[in-house]
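Each chain, letter by letter, is given below.
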Amino acid sequence: MASKPGILTDWPWTPLGNFKYVILAPWAIHAMYSFLVKDEKERDVAHFLIFPFLLWRMLHNQLWISLSRHRTAKGNNRIVDKGIEFEQVDRERHWDDQIIFNGIIFYVAYFTLPGASHMPFWRADGVVVTILLHTGPVEFLYYWFHRALHHHYLYSRYHSHHHSSIVTEPITSVIHPFAEHIGYFLLFSIPLLTVIFTGTRSIVSFVGYISYIDFMNNMGHCNFELVPKWLFSVFPFLKYLMYTPSFHSLHHTQFRTNYSLFMPFYDYMYGTMDKSSDVLYEKSLTRPEESPDVVHLTHLTTPDSIYHMRLGFASVASKPYISKWYLRLMWPLTSSYMMLIWICSRTFVLERNHFNKLKLQTWAIPKYRIQYFLKWQNEPINSLIEEAILDAEQRGVKVLSLGLLNQGEELNIYGELYIHRNPKLKIKVVDGSSLAVAVVLNSIPKGTTQVLFRGKLSKVAYFTALALCQKGIQVATFHEEEYAKINMKLNTKLGGKLALSKNYAHKIWLVGDGLTKEEQLKAPKGTLFIPFSQFPPKRMRKDCFYHTTPAMMSPTSFENMDSCENWLPRRAMSAWRVAGILHALEGWNVHECGHTIFDIEKIWEASLQHGFRPLMIPS
């Protein structure tokens, strides 16, 4: 929002929320129906293609978003070395409003303007006219319109909304108030209306021109330099006809320079080109890939979790993961993503952060959760994890945390497998169990005298049970098998604190994977479910309380937090991820994996000292 919002700031369909797309439905359905029922001579391909073209524009923008986030996370050729936060994601989440607006204009123009229907596929003269009119009137008028928007009156009421984003993403290019978009569309309609009224219009000229605008807008705001230097060496005049991402980035950091739309020659002509443009361009081109201090490994969970990752849908990733109905409708695209991931099968950089001079990255293993339960997938998964560890070792990474990849004894002995295979590793492998145990222990309300364990037992469960018994808290379980497993981990002096429960009267449940619906329904009203597992239980009771999986809130100084870690709330981080960061901050030169565990009290105190805070217990 601008600092002093002017008239026509909000889009007319803002009150509709996510139902705003129904505005286009009547026109899109009519175009499809007309194309199907009319005979071949009366069919209008241009009318039919309006809606698919709008979908293409959305896909085009999304591809740029994913590419930009991946490249800026890796660090090579990054221009502005700062992160973005949730506030920017929220401000830019309605980037598709301008596509809806354009769609409405296209449909209205089709029915009202003579010559807008039955366009031929190609006309060379129309393409030439479009190019000339953009290079001349459009670029010239935009330059002066843009300079006017930087006058304090218009800037405070409109354009400051766009400039709220110092670090730009591709979609930043279209984040403007409604009134400003009206002005831009009037400018860009000059070539389009001209070819219509002169009878030189064609599908190629329309689609090509709008796609060119989208491409250049996205490129100019992507925050990584991708225009090769040889291009300007071979064609020196191009520097006047094509801007670069670093050129426009300076406009967002300096504000009073580089006003041009896509062709910088007006900045050269009127003396508003930033003198550091060439220096920043060359510096960005030669910037190497960033070498992190800490790497956190994760993996995909469900098929549609690809959209929740930071490289997916920005607005979806900025909220805790919940399966959305509209994501299920995208199963053809989801299936394609799954196939692509299966074919490529390469670990990729997902996110970067900075904290206390540490450079942090999150890497994703291209495997889904279900694959971790298939024994024949164990070796491929372990190979990918081991390759990631060795890659991190070569990059000089200090600590690698396993996160969701710490799937148990059956897969990799809680990470110890990789230490046995590579005994000379300098990098420290951390499974984070100690902090997970500490978080679970500190999530239990004070004064608790007994707890009930239920679910698949894990390393975290065993050490949590041990710590509770040492504190004099009784640990109960339903099943004899679980009782026997926990009893084996406890020494004889603590065995008396372990009980086999015959009822469901306990108010504090420590739960892992495998908690059933029937068991939840038997819990008394007001029961607090505290997960010790990586994945949360499905919430079946509205009269009970559910804690998050072991996690902590990150300090305010933790930079570049713009997406949620799976189902956790904003700025929350899993205990397994935090543990790796703490090992690097404290310089603990030890592995934490296998059947051993780090000092629980020590790592808990360290987390609090560095500004991490426990999540509030529901009450």
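These remarks concern the structure in this document. Counting restarts for each chain, with residues numbered from 1 along the sequence as it is written. This being a predicted model, a pLDDT of at least 70 is required before a residue's local features are given, and a value of 80 or more before pairs of side-chain atoms are given or counted; all residues contribute to the totals for chains, interfaces and linings. Here the side-chain values reflect all heavy atoms present in the structure, with hydrogen atoms and water set aside.

Right, let's get into helix α21 (residues 459-470). Put simply, DSSP marks the helices as runs of H or I at least four residues long and the strands as runs of E at least two long, and each gets a number from the N terminus on. To estimate how far a helix should reach, multiply one less than its number of residues by 1.5 Å. For α21, with twelve residues, the first-to-last C-alpha span of 17 Å sits near the 16 Å given by 1.5 Å per residue. Type-normalised accessible area, obtained with a 1.4 Å probe on protein chains alone, sets the label of each residue: buried when under 20%, exposed when over 50%, and partly exposed for intermediate values. With ten of its twelve residues buried, α21 lies for the most part within the structure. Burial in α21 covers these residues: Lys459, Val460, Ala461, Tyr462, Thr464, Ala465, Leu466, Ala467, Leu468 and Cys469. Whether two residues touch is decided by their heavy atoms; if any such pair falls within 4.5 Å, the residues are in contact. Check the buried side of α21 and you find it contacts α20 (433-443), β6 (450-454), β7 (474-477), α22 (480-489), β9 (508-511) and α24 (575-586). Looking one or two residues beyond α21, the residue adopting positive phi is Gly472, at roughly 85°.

Once that is clear, we can look at the pairing of strand β2 (residues 348-355). Across the eight residues that make up β2, a large majority, eight, are buried. In this analysis, strands are considered paired if DSSP registers two or more bridges between them. Sheet analysis places β2 next to strand β3 (residues 358-365), joined by seven bridges and oriented antiparallel. Pairing of Glu351 across the sheet is with Thr362, part of β3. Once β2 ends, the chain turns through two residues before running back antiparallel as β3, passing Asn356 with a positive phi of about 50°.

Before going further, it helps to examine the environment of Tyr184. Within the element layout of this structure, Tyr184 appears in helix α7 (residues 178-197). Taking the C-alpha atoms as reference, Tyr184 lies 25 Å from Phe48; in sequence the two are 136 residues apart. Not counting chain neighbours up to four residues away, the residues in contact with Tyr184 comprise Tyr142, Phe145, Leu149, His159 and His176.

Another aspect to go through is unusual backbone geometry. Non-glycine residue Asn566 carries a positive phi angle of around 55°. Assessed through its relative accessible area of 18%, Asn566 is described here as buried. Positive phi outside glycine occurs at Arg571, with the angle close to 65°. Within the fold, Arg571 resides in the loop between β12 (551-553) and β13 (572-574).

In this section: the nonpolar core. Among buried residues, those of type Ala, Val, Leu, Ile, Met, Phe, Trp, Tyr and Cys that are joined through side-chain atoms within 4.5 Å constitute a nonpolar core. Counting residues in hydrophobic clusters, the biggest one holds 55 residues, and the most contacted among them are Leu435, Val451, Phe453, Leu468 and Leu510. Among the elements of the structure, β3, α20, β6, α21, β9, β10 (528-531), α24 and α25 (600-609) are those that each provide at least two residues to this core. Broken down by element, the residue count for this core peaks at eight residues, all from α21. Excluding residues within four positions of it along the chain, Val451 makes contact with Ile444, Leu468, Ile473, Gln474, Val475, Ala476, His506, Ile508 and Leu510.

Our next topic: the side chain of Asp431. Residue position: Asp431 is located in the loop between β5 (428-430) and α20. On the accessibility criterion, Asp431 (0% relative accessible area) is buried. In protein, a polar contact requires one atom able to donate a hydrogen and another able to accept it; more generally it is a pair of N or O atoms within 3.5 Å, and residues adjacent in sequence count only if both atoms are side-chain atoms. Of the polar contacts made by the side chain of Asp431, one reaches the side chain of Lys459; its length is 2.7 Å.

The strand order β2-β3-β1-β4-β5 describes an open sheet built from five strands, whose pairing is mixed. Either end of the sheet is taken by a strand with one partner, and the two such strands are β2 and β5. Direction aside, the axes of adjacent strands within the sheet are offset by 20° on average. Where strand β1 (residues 294-299) and β3 come together, six bridges link them in parallel fashion. If you follow Leu297 over to β3, its bridge partner there is Trp363. Think of each axis as a best-fit line through the C-alpha atoms, taken over the contacting stretch in the case of a helix, with angles from 0 to 180 degrees between the N-to-C directions. Helix α2 (residues 45-74) rests against β2 and β3 of the sheet, and its axis sits at about 55° to β2. Against the sheet, helix α17 (residues 378-395) contacts β1, β3, β4 (399-401) and β5, and its axis sits at roughly 155° relative to β3.

What follows concerns the packing of aromatic side chains. Put simply, two rings from Phe, Tyr or Trp (the six-membered ring, in Trp's case) pair if the centres are within 6.5 Å, and we call them stacked under 30 degrees between planes, edge-to-face over 60, tilted for the rest. Within the structure shown, the criterion is met by 38 aromatic pairs. With a centroid separation of 6.2 Å and an interplanar angle of 85°, the aromatic rings of Tyr143 and Tyr259 are classed as edge-to-face. With a gap of 116 residues between them, Tyr143 in helix α5 (residues 124-149) and Tyr259 in the loop between α11 (245-254) and α12 (265-270) connect regions that are remote in the sequence. Note on accessibility: Tyr143 and Tyr259 belong to one class, buried. Ring geometry for Tyr143 and Tyr270: centres 5.4 Å apart, planes at 20°, overall stacked. Linking Tyr143 in helix α5 with Tyr270 in helix α12, this pair joins segments that are 127 residues apart in sequence. The exposure class of Tyr270 is partly exposed, given its relative accessible area of 34%. One aromatic cluster is present, formed by Phe140, Tyr143, Trp144, Tyr259, Phe265, Tyr266 and Tyr270 through successive ring pairs. Two limits define a charge over a ring: the Lys NZ or Arg CZ must be within 6 Å of the ring centre, and within 35 degrees of the ring normal. Sitting over the face of the ring of Phe35, Arg43 holds its NZ or CZ atom 5.3 Å from the ring centroid. Sitting over the face of the ring of Tyr153, Arg157 holds its NZ or CZ atom 3.8 Å from the ring centroid.

This next bit is on the packing of helix α4 (residues 97-112) against α7. It is the contact of α4 with α7, at a shortest axis distance of 11 Å, that shows an interaxial angle of 50°. On the basis of the axis angle, α4 is oblique to α7. In this structure, α4 crosses over α7, and the sense of that crossing is right-handed. Across from Gln98, Phe101, Asn102, Ile105 and Phe106 in α4, the residues of α7 making contact are Phe178, His181, Ile182 and Phe185. Oblique is the label for any angle not covered by the other classes, which are roughly parallel (under 35 degrees), roughly antiparallel (over 145) and roughly perpendicular (65 to 115). Helix crossings get a hand from a simple test, with the near helix turned counterclockwise from the far one by less than a right angle marking a left-handed crossing and a clockwise turn marking a right-handed one.

Alternating positions in β10 separate into two faces, Leu528 and Ile530 on one and Phe529 and Pro531 on the other, with burial throughout. The pairing of β9 with β10 spans four bridges and is parallel. Following the sheet pairing, Ile508 is matched in β10 by Leu528. Handedness rule for crossovers: strands pointing away from the viewer, path from the first strand over the helix to the second running clockwise, crossover right-handed. Each parallel crossover has a hand, and the one from β9 via helix α23 (residues 517-522) to β10 is right-handed.

On to the pattern of salt bridges. Opposite charge on two side chains allows them to pair when their charged atoms are near. Any carboxyl oxygen of Asp or Glu within 4 Å of a side-chain nitrogen of Lys or Arg constitutes a salt bridge here. Applying the stated criterion across every chain, the model contains 26 salt bridges. Arg287 serves as the salt-bridge partner of Asp81, at 3.0 Å between the closest nitrogen and oxygen. Separated by 206 residues along the polypeptide, Asp81 in the loop between α2 and α3 (86-91) and Arg287 in the loop between α13 (277-285) and β1 bring together distant segments of the chain. Note on Asp81: relative accessible area 39%, which makes it partly exposed. Here Glu481 and Lys485 are joined by a salt bridge, their closest N and O atoms 3.5 Å apart. Taken together, the residues Glu481 and Lys485, both in helix α22 and four residues apart, mark about one turn of the helix. Looking at Glu481, the relative accessible area reads 55%, which means it is exposed.

As for its position among the elements, Leu500 is in strand β8 (residues 498-500). Note on Leu500: relative accessible area 37%, which makes it partly exposed. For Leu500 and His479, which are 21 residues apart along the polypeptide, the C-alpha to C-alpha distance reads 7.2 Å.

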